[in-house]
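Residue-level listing of the chains:
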Amino acid sequence: LQSRFRKERCDGGGRRAETGGGGGGRGEEGSTARRGETVLGTVARHGATGRVAGHTMREFNPAQAAVAFQNDTLVLPAHRGHGLGRRMKDANLAAAVRDWPSVERIYTFNAEENANMLAINIAMGFIRAGTTATWQKKLAAPAGAPLGES
């Protein structure tokens with residue numbers, strides 16, 4: 001499921017970001033469990049077909065019991081524009097409050113150019129708590145050229 005949705009995620013410049021080796025995230029699940037973290041998801045299914053239309057994740061680590069994370073809300077293109085992202089996030093946050101009563105604040109992340117999800121987060125009461133930047137260095141270089149030059 002994760003590899004399918006990763007192909008739909010935008011890298012911020014309108015290009016599709018390909019991540020992972022298509023292994024479905026099993027390695028991530030193992031390392032998360034070893035750290036004592038819990039990662040759970042909420043899935044939306046298409047009523048007529050039963051196929052997955054979207055998902056969102058929540059994360060909790062008892063070592064930081066006051067904090068949880070809401071991540072990776074993704075809706076497949078054929079199902080966008082019907083409020084699924086908001087409904088999944090609402091259900092996911094309600095479950096986090098129910099399952100992790102020690103949580104005092106929930107963090108989520110949003111690309112500035114993803115106006116739809118930014119509007120959902122604002123409507124849900126999320127406020128900007130910080131800003132990050134992701135930097136990229138392409139490692140492919142022409143034969144004989146040092147890395148970073150092309």
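Residues numbered from 1 in each chain as written. Predicted model: local features only at pLDDT ≥ 70, side-chain atom pairs only at ≥ 80, totals over all residues. Heavy atoms only, no water.

Novice: Sorry, what's going on with the packing of aromatic side chains here?
Specialist: Where two aromatic rings form a pair, the distance of their centres and the angle of their planes describe that pair. Scanning all chains against the criterion turns up three aromatic pairs. A centroid spacing of 4.9 Å and a plane angle of 15° characterise the contact between Phe 60 and Trp 100, whose relative ring orientation is stacked. Here Trp 100 lies in the loop between helix H3 (84-99) and strand E4 (105-108) and Phe 60 lies in strand E2 (residues 52-60), a separation of 40 residues in the sequence. Residue Phe 60 is classed as buried on the basis of its relative accessible area, which comes to 10%. For Trp 100, a relative accessible area of 8% corresponds to the buried category. Here Arg 58 stacks its cationic end above the ring of Trp 100, 5.7 Å away from the centre of that ring. (Phe/Tyr/Trp six-rings, centres within 6.5 Å; stacked < 30°, edge-to-face > 60°. Helix = DSSP H or I, 4+ residues; strand = E, 2+ residues; numbered from the N terminus. Buried < 20%, exposed > 50% of the residue type's maximum accessible area, 1.4 Å probe, protein only. Lys NZ or Arg CZ within 6 Å of the ring centre and 35° of its normal.)

Novice: Which parts of the structure should I look at to understand the pattern of salt bridges?
Specialist: Two side chains with opposite charge may pair up if their charged atoms get near one another. According to the stated counting rule, one finds five salt bridges in the structure shown. A salt bridge links Arg 86 to Asp 90, with the shortest nitrogen-to-oxygen separation between them at 3.1 Å. Pair noted here: Arg 86 and Asp 90 are both in helix H3, with a separation of four residues, about one helical turn. The class for Asp 90 is partly exposed, based on a relative accessible area of 33%. (Salt bridge = Lys/Arg side-chain N within 4 Å of Asp/Glu carboxyl O.)

Novice: So what exactly am I meant to see when it comes to the pairing of E4 here?
Specialist: One face of the sheet, then the other: side chains in a regular strand alternate in exactly this way. Inspection of the sheet shows strand E3 (residues 67-75) paired to E4 by four bridges, in the parallel sense. Residue Phe 69 lies in a different strand from E4, and its bridge partner there is Tyr 107. Assessed by its sense of winding, the connection that carries the chain from E3 through H3 to E4 is right-handed. (Pairing = 2+ DSSP bridges. Right-handed = clockwise from strand over helix to strand, strands pointing away.)

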